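Here's the letter readout for the chains.
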Amino acid sequence: MRRQLRSRRAPAFPYGYRYRLDDQDEVNQNYLADEEEEAEEEARVMVVPELDEEEEEEKEEEEKEEKEEEEGQGQPTGNAWWQKLQILNEYLWDPERRMSLARTGLILVIYFFFYASLAAVITLCMYTLFLTISPYMPTFTERVKPPGVMIRPFAHSLNFNFNVSEPDTWQHYVISLNGFLQGYNDSLQEEMNVDCPPGQYFIQDGNEDEDKKACQFKRSFLKNCSGLEDPTFGYSTGQPCILLKMNRIVGFRPELGDPVKVSCKVQRGDENDIRSINYYPESASFDLRYYPYYGKLTHVNYTSPLVAMHFTDVVKNQAVPVQCQLKGKGIINDVINDRFVGRVIFTLNIET
Amino acid sequence: MRQKTLEIYSVELDGTKDIEKTDEGDGKEKYRGLKNKCLDLNKHHQKEEFKKELDLDDHKLSNKELERKYGTDIITGLSSSRAAELLARDGPNALSPPKRTSEIIKFLKQMVGGFSILLWIGAFLCYVAYGILYSSNTSASLDNVYLGSVLILVVILTGVFAYYQEAKSTNIMASFSKMIPQQALVIRDSEKKIIPAEQLVVGDIVEVKGGDQIPADIRVLFSQGCRVDNSCLTGESEPQSRCSEFTHENPLETKNICFYSTTCLEGSASPAGTATGMVISTGDRTIIGHIASLASGVGNEKTPIAVEIEHFVHIVAGVAVSIGILFFIIAVSMKYHVLDAIIFLISIIVANVPEGLLATVTVTLSLTAKRMAKKNCLVKNLEAVETLGSTSIICSDKTGTLTQNRMTVAHLWFDNQIFVADTSEDHSNQVFDQSSRTWASLSKIITLCNRAEFKPGQESVPIMKKVVVGDASETALLKFSEVILGDVMEIRKRNRKVAEIPFNSTNKFQLSIHETEDPSDKRFLAVMKGAPERILEKCSTIMINGQEQPLDKGTARAFHTAYMELGGLGERVLGFCHLYLPTDKFPETYSFDTDAMNFPTSNFCFVGLLSMIDPPRSTVPDAVTKCRSAGIKVIMVTGDHPITAKAIAKSVGIISANSETVEDIANRLNIAVEQVNKRDAKAAVVTGQELKDMSPEQLDELLAGYPEIVFARTSPQQKLIIVEGCQRQEAVVAVTGDGVNDSPALKKADIGIAMGIAGSDAAKNAADMVLLDDNFASIVTGVEEGRLIFDNLKKTIAYTLTKNIAELCPFLIYIIVGLPLPIGTITLLFIDLGTDIIPSVALAYEKAESDIMNRKPRHKKRDRLVNMPLAVYSYLHIGLMQALGAFLVYFTVYAQQGFLPRTLINLRVEWEKDYVNDLEDSYGQEWTRYQRRHLEWTGYTAFFIGILVQQIADLVIRKTRRNSIFQQGLFRNKVIWVGIASQIVIGLLLSYGLGSVTALSFAMLRAQYWFVAVPHAVLIWVYDEVRKLFIRLYPGSWWDKNMYY
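Residues numbered from 1 in each chain as written. Chains lettered and ligands numbered in written order. Predicted model: local features only at pLDDT ≥ 70, side-chain atom pairs only at ≥ 80, totals over all residues. Heavy atoms only, no water.

Asker: Just to check I follow, could you spell out the overall build of chain B for this structure?
Answerer: The helix and strand tally for chain B stands at 40 helices and 30 strands. Expressed as a percentage of the 1045 residues in chain B, the buried residues total 58%. For chain B, the proportion of contacts with a sequence separation of at least 24, taken over those separated by at least 6, is 72%. When the accessible surface of chain B is totalled, it reaches about 41500 Å², and 57% of it is carbon and sulfur. (Helix = DSSP H or I, 4+ residues; strand = E, 2+ residues; numbered from the N terminus. Buried < 20%, exposed > 50% of the residue type's maximum accessible area, 1.4 Å probe, protein only. Contact = heavy atoms within 4.5 Å. Areas by Shrake-Rupley, 256 points an atom, 1.4 Å probe, with all protein chains shown as cover.)

Asker: Help me understand the overall build of chain A, please; the structure alone is not making it clear to me.
Answerer: When its secondary structure is counted, chain A shows 8 helices and 11 strands. Here chain A, with 352 residues, has 45% of them falling under the buried criterion. Across chain A, contacts joining residues at least 24 apart in sequence account for 74% of those joining residues at least 6 apart. Carbon and sulfur atoms provide 53% of the accessible area of chain A, an area that totals close to 19000 Å².

Asker: Even after reading the chapter, I still don't get the packing of aromatic side chains, so can you show me in this structure?
Answerer: Given two aromatic rings, one states the distance between the centres and the angle between the planes to describe the pair. Applying the stated criterion across every chain, the model contains 53 aromatic pairs over all chains. Aromatic ring contacts, followed pair by pair, group F887, Y890, F891, Y894, F899, W911, W927 and F943 of chain B into a single cluster. Sitting over the ring of Y294 of chain A, K212 of chain A keeps its end group 5.2 Å from the ring centre. Over the face of the ring belonging to Y873 of chain B we find R1027 of chain B, whose NZ or CZ atom lies 4.5 Å from the ring centre. (Phe/Tyr/Trp six-rings, centres within 6.5 Å; stacked < 30°, edge-to-face > 60°. Lys NZ or Arg CZ within 6 Å of the ring centre and 35° of its normal.)

Asker: How do you make sense of helix α5 (residues 80-90) of chain B when you look at a structure like this?
Answerer: Each turn of an α-helix holds 3.6 residues, which means side chains three or four residues apart point in the same direction. All names here are of chain B. Turning to α5, its buried residues are A83, L86 and D90. The buried residues of α5 occupy one face: seen down the axis, they fall within an arc of 65°. Projecting away from the buried face of α5 at angles above 90 degrees are the exposed residues S81, E85 and A88. Packed against the buried residues of α5 are β1 (183-188). (Arc of directions from axis to C-beta.)

Asker: Whenever I open this one, the interface of chain A and chain B confuses me. Can you help?
Answerer: How big an interface is tends to be stated in terms of the accessible area lost upon association of its parts. Between chain A and chain B, the residue contacts involve 45 residues of the former and 41 residues of the latter. Note on chain A versus chain B: buried area summed over both sides is about 3800 Å², and carbon and sulfur give 61% of it. It is F140, R143 and R248 of chain A that lose the most area in chain A upon contact with chain B, and together they represent 20% of the buried surface on that side. Where chain A touches chain B, the interface holds 7 salt bridges. The salt bridge partner of E920 of chain B is R248 of chain A, with a shortest N-O separation of 2.7 Å. (Buried area = accessible area lost by both parts, 1.4 Å probe. Salt bridge = Lys/Arg side-chain N within 4 Å of Asp/Glu carboxyl O.)

Asker: Sorry, what's going on with the packing of helix α7 (residues 116-136) of chain B against helix α13 (residues 338-352) of chain B here?
Answerer: The description of two helices packed together rests on the angle between their axes and the distance between the axes. Residues and elements named next belong to chain B. Across the interface, α7 lies against α13 with an axial gap of 9 Å and an inter-helix angle of 155°. Taken as axis vectors, α7 and α13 run roughly antiparallel relative to one another. With respect to the hand of their crossing, α7 and α13 are arranged in left-handed fashion. Contacts between α7 and α13 involve L118, G122, L125, C126, A129, I132 and L133 from the former and L339, I342, I343, L345, I346 and I349 from the latter. Split into classes, the residues belonging to the contact of α7 with α13 amount to 12 nonpolar, 1 polar and no charged. (Axes fitted to C-alpha atoms, helices over the stretch in contact; angles between N-to-C directions. Parallel < 35°, antiparallel > 145°, perpendicular 65-115°, else oblique. Left-handed = near helix turned anticlockwise from the far one by under 90°. Nonpolar A, V, L, I, M, F, W, Y, C, P; charged D, E, K, R; others polar.)

Asker: Got a minute to help me understand the confidence of the model for chain A in this structure?
Answerer: Predicted coordinates in regions of low pLDDT should not be interpreted in detail. Of the residues in chain A, 73% have a pLDDT of 70 or more, and the chain-wide mean is 75. Confidence drops under a pLDDT of 50 for residues 1-76 of chain A, and excluding neighbours within four residues, the segment shows 76 contacts in the predicted structure. (pLDDT = per-residue confidence, 0-100.)

Asker: Got a minute to help me understand the domain arrangement of chain B in this structure?
Answerer: Residues and elements named next belong to chain B. Splitting chain B by domain gives domain 1 (67-74 + 181-297), domain 2 (103-174), domain 3 (378-403 + 617-774), domain 4 (408-587) and domain 5 (789-1043). With centres defined by C-alpha atoms, the gap from domain 3 to domain 4 works out at 35 Å. The interface is formed by 5 residues belonging to domain 3 together with 5 residues belonging to domain 4. Together, the buried faces of domain 3 and domain 4 total about 330 Å²; carbon and sulfur atoms form 50% of this surface. The largest share of the area that domain 3 buries against domain 4 comes from S618, I643 and A647, three residues that together contribute 71% of it. Between domain 3 and domain 4 we count 0 salt bridges in total. Residue composition of the side of domain 3 that touches domain 4, grouped by class: 2 nonpolar, 2 polar and 1 charged. (Domains from an automatic or database assignment.)

Asker: Help me out: how do you make sense of a nonpolar patch on the surface in this one?
Answerer: Taken together, the side chains of F1011, V1014, V1018, V1022, V1026, L1029, F1030, L1033 and Y1034 of chain B present a nonpolar region at the surface, about 770 Å² in accessible area. Locating L1029 of chain B in the fold gives a position in helix α39 (residues 1014-1033). (Patch = residues over 30% accessible without salt bridge, like charges linked within 9 Å, V, L, I, M, F, W, Y side chains within 5 Å.)

Asker: Please clarify how the environment of V817 of chain B should be interpreted in this entry.
Answerer: All names here are of chain B. For V817, the position within the fold is in the loop between α30 (777-816) and α31 (825-835). For V817, a relative accessible area of 27% gives the class partly exposed. As a C-alpha pair, V817 and R371 span 446 residues in sequence and 50 Å in three-dimensional space. Residues in contact with V817, not counting those within four places in the same chain, are L812, I905 and N906.

Asker: Would you mind going over the nonpolar core with me for this structure?
Answerer: Nonpolar side chains in soluble globular proteins tend to be buried together. Ranked by internal contacts, the top residues of the largest apolar core, which has 233 residues, are Y235, L244, V262, M309, F311 and F346 of chain A together with F776 of chain B. In terms of residue count, α30 of chain B provides more of this core than any other element does, 18 residues in total. What F346 of chain A contacts, discounting residues up to four positions off in sequence, is I151, L158, F160, I242, M309, F311, V320, P321, V322 and C324 of chain A. Within the second largest apolar cluster, 33 residues are counted, among which are A681, L703, I722 and A749 of chain B. (Core = buried A, V, L, I, M, F, W, Y, C linked by side-chain atoms within 4.5 Å.)

Asker: What is the right way to look at the pattern of salt bridges in this model?
Answerer: When the charged atoms of two side chains with opposite charge come close together, those side chains can pair. Using the criterion set out here, one finds 52 salt bridges over all chains in the structure. Close ionic contact of R1006 of chain B with E142 of chain A constitutes a salt bridge, the shortest N to O distance being 2.7 Å. Pair noted here: R1006 of chain B is in the loop between α38 (974-993) and α39 and E142 of chain A is in the loop between α6 (101-132) and β3 (149-152), and the two residues belong to different chains. Note on E142 of chain A: relative accessible area 32%, which makes it partly exposed. One salt-bridge network, held together by shared partners, links R152, K245, R248 and K296 of chain A together with D918, E920 and E926 of chain B.

Asker: Quick question: what am I supposed to make of unusual backbone geometry here?
Answerer: Backbone geometry follows two general trends: most residues other than glycine have a negative phi, and most peptide bonds adopt the trans configuration. Look at the link from R152 of chain A to P153 of chain A: it is a cis peptide, with omega at -5°. Its place among the elements puts P153 of chain A in the loop between β3 and β4 (159-163). You will see that K335 of chain B, though not glycine, has its phi angle at about 70°, which is positive. Following the sequence through the fold, K335 of chain B ends up in the loop between α12 (304-333) and α13. A positive phi angle, close to 50°, is found at N545 of chain B, a residue other than glycine. Assignment of secondary structure puts N545 of chain B in the loop between β19 (539-544) and β20 (547-550).

Asker: Please explain the pairing of strand β11 (residues 343-351) of chain A as it appears in this structure.
Answerer: A regular strand carries its side chains on alternate faces of the sheet. All names here are of chain A. Burial of β11 is extensive: 8 of the 9 residues sit out of reach of the surface. As judged from the 5 bridges shared by β4 and β11, these two strands associate in the parallel manner. Within the sheet, the bridge partner assigned to N159 lies in β11 and is T347. Here strand β10 (residues 319-327) runs beside β11; their pairing, made up of 7 bridges, is antiparallel. Residue pairing in the sheet places P321 in a bridge with T347 of β11. (Pairing = 2+ DSSP bridges.)

Asker: Would you take a moment to explain the sheet that holds β10 of chain A for this structure?
Answerer: Strands in a sheet are paired, the pairing made by backbone hydrogen bonds, and the direction either parallel or antiparallel. A sheet is described by the order of its strands in space; here 5 strands give the open sequence β4-β11-β10-β6-β8 (chain A), paired in mixed fashion. With partners counted over all chains shown, the strands left at the sheet margins are β4 and β8 (285-286) of chain A, one partner each.

Asker: Would you mind going over the UniProt feature "transmembrane region" (unreviewed entry) in chain A with me for this structure?
Answerer: Here, UniProt's "transmembrane region" (unreviewed entry) annotation points to residues 106-130 of chain A. Taken end to end, residues 106-130 of chain A comprises 100% helix and 0% strand; its first and last C-alpha atoms sit 36 Å apart. (UniProt positions renumbered as here; feature names shortened; annotations may be inferred.)

Asker: I keep staring at the packing of helix α26 (residues 696-705) of chain B against helix α27 (residues 716-728) of chain B and nothing clicks. Help me out?
Answerer: All names here are of chain B. Packing of α26 against α27 leaves a shortest axis separation of 9 Å and a crossing angle of 70°. By the angle between their axes, α26 is roughly perpendicular relative to α27. Where α26 crosses over α27, the handedness of that crossing is right-handed. Residues P696, L699, D700 and L703 of α26 form the contact with α27, whose own contacting residues are I721, I722, G725, C726 and R728.

Structure follows, in structure tokens:
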């Protein structure tokens, strides 16, 4: 059977000789148990390296010779060495595809350099970009203007639901507010910041990389909502304090003599649901001395001014939607898509 | 087994036997795969009919037997009731239209083909995502709904577009029905009736007269001078006479059967030929019906470009899906919400799929189709535009394609000399010696012994274009003499005809007797023409240089040599002789009686020989040479005689001047054919008979072994076999043809090319392309256009694929690094379907980089449209550079607005929280959610503009694959500039005009951001120039192999 197979292949032998050897000899070797044929086969295998060498470049030939020396030692052990060598050889230099490990390596090296230079280019570009950008002042502020508004306490939700008689329902507001106001502690403010004159901008000329001083905003400014007198911020009496904070914007200045004011009212429904609100500071405004903001790099201790709303008389046991708006020149508070620009809407639902 | 295979070929044209045999075969006959397929289609409902057809022996039966067989009466015909019965049993006498795939299914196929399925999945996932979001939060963002709807819109739009394009192509069977004669004269109930041919049934007795189409396959019962033109069936233009006698075993060859849809010729004789016959088969059971079913049974192979596009779709879809899934897994393992991971998956798929590309390819192909139509190549199937470009073998029919399909006088022999006549399309310069007096006599015979006449009212028409009443050879003679002598009709008038014996197949001569034009010469002139050997028999003298000489052995030998030589050229030879009747025996008043033959028909004077051939078109040799240099093998496949076929092949260069067939070598060396070493012969002429005895392996060997092959005397089935054989050589095969008999091969071929003027409707319908001017040379144009479009499609695809990486990277970075999303999915669609469409179409207008007609046709398995270098270079080189450039624009915008790159890292989660309305940026500024979103849209727009700007550079570099842009010329392709302008205009419109439409997520962008990516664009261009430079400098190098796509 096997003989037939061989004889059929024989005529084609001269044509595709080398080619055939490359892909068939190893497979065949495994098949051949017959000693005679094995000898023949071996003879053929022996031809392969010679032919290959003719094809190969000088360097690889040298490499090869080294291998052959190794092989010389291994020869007595028999065919297994030969096979291993063949496999190794093909791995290093596959004559059919004329590819070798070295070439694969070359490709990797080329790609490495290509990507390295791309990385260099992008680094250069980014470097140039940073050269044009001041670390102290953003180049443009049109997207962050007009200022947005946020309130504290804030925990994922703008619905204030609590039961006066159940401290568990409002305790987290108190903790949150206390935590938030830690930075406003009078002692801290007095230590870090300066007391600057009210009613005018606190303009600090000089190089932009100079550290800027910040104006004090003491916790005590918030009076009844400071948590100093009433550590529960009025939550225990059903008169909750809510702090309102305007988003910082570098270089933002309210109109001179016309500080930004806060006013809250019922958003929808009966106006009388909220009968009175106390604002602290009483002006219900952000004093001009807290402006402009010079950016966090130089204006390290800048303390955002706050306005506290003390809802002293709100209808109980029903949800009251409240809208607090900023008012002033350069303030927009009616953007349809953005419910936090110049205003904030939240609901109070105080149960007794 | 072998025996059986051989038998398959033993029946020509009659497809039934082949099919029947194969059916019995054990399925090992792989070679017959086609037939098997064809059979499978029709097996169930047609098998019975095939069996019946198998013993078509009606031509052998006598009239009585026929009457018995079909239960009819030759005199009275069928009774109406019986006819109605039969009609109900067999159905109408019409070819059944093929099963059409319903339009809805075609439409739906378009909807799910290509990338559509991916997009459907994407859209579906969008809705699922929204559904899940909505169930947990009723105020969920509508983004996913927008995206899903947009995706569906995209799929539907591209589907409708593709459907519209496909709907333009027509159906093969449409014209078979057109060929049906409208009316038939039939004898029923002893009465002659005119009924619609559709109502004919087997056994009907019909009468056919000259000019009619044969209404069904009929067995002739009675005939008077009836001749039919079978050319649409066999390709032979020779009219064939039909009589009631059984003349041949083969039903196709016998004279007593006329075939459906062939034409009964209108003779010049009065009365015109008529025939009465009995209908023996109708509708699909006719021979033409079989060929039609053969043609429609041949599966529509995928065009090479369709295969390429599919391959490309697979690559891209594979990349899209695997990256999508990979990042889905990464996202999930990075603790992203599964819902988010699904949205990433959608975005990655959308980013990876070039939505607009398939539409672009269609537009590109149809642009080329239009351009080709201008050059007289009408392309029916859009994809066939490219097929011609990859064609490696053209199997050309002879008659009508390579030749003019009109008999023309080619050679004359008189005065012991052969003269060559001009056979070009207009016969303009006849240069042979016309001074000899023998010529004067010969020309007189040619003029007088001819019954063909010009149809009246064609005075202004050039002679060669005039319509003639008469058969092909008489027409040739008439036109020949009209060109040389002038007004033939006038000459005939001057030499009044007094008697005539028309040509018939038993005498094989035609004789007429005329008065002479010389009033003083009262003799009658008898002129005769016919088969040369017959004519010679009737002659005792021969005219040499105007002198009558006795016909001795020497002159007879000269005659035979000339006859053999002309015959050897594949030409039809006619002999001419004349005799002046002596006045004493035939006075002026003598009344000639053609029935009594009261005049001599022997001892004539032999004047000369004249040979005719259907000459090649003058443009063909040049076109064949061009095909050769373009690496295309031209094979002639004809139904004609081998000698004629070989002669024509030689004259058009299909067999080149210095190559010989085995037979030629044997002749030259004077040895037996078997002794010749087959390797010496470059050319081969193979007849259908020989082909019949060949095994598929032998055919393969033949096709591979000889560069120049002519197949003669082939049947439609054999044409199919040849085409299949060529296709087994991995060749892309083009078949040209004009007859009904060619239609199966036309259908089977990778591209079938039909002749627009001479072609039958069936051929035109089976073909993918129609040559409007019947000019073989138009094929060369087609090849050129096809190759160009392949190259240009590569460019288009490379252009389109490049930006995929730039579109994909944002999502990958978004997932891994957590930047705010650099570009939205809908924005991507605006690139794919907006800015990129016109530029990619513009690349179709690019001129060839080098002489594309000097290279070999592409190998359909090796030279892929989208190959490794193309994908790697587009994705990993240019694509990556583009992505970097676009990111630069994105970072610039964010940095200038306050978010420096290091702040952006891992900002994603906070950034996207709706309740965080005081997110701090690098400067300590606080942002509301909406402000961030607005900034994000600005980022989308910036990224979009970044890609756009670099796509302009990409467009410019894709103009060439090897040459420098400057070699190609920046301004030669104006459409490219239209494309660039369109990109910019659409970009401006989107970023400034539509900035306020929420769903589109565009925002106003400062003008300077348009220029941020410009250095990158320049870099891309420089890099590509360097690549091309190295390719040109080091052809064959590693660089060339890996960087040339």
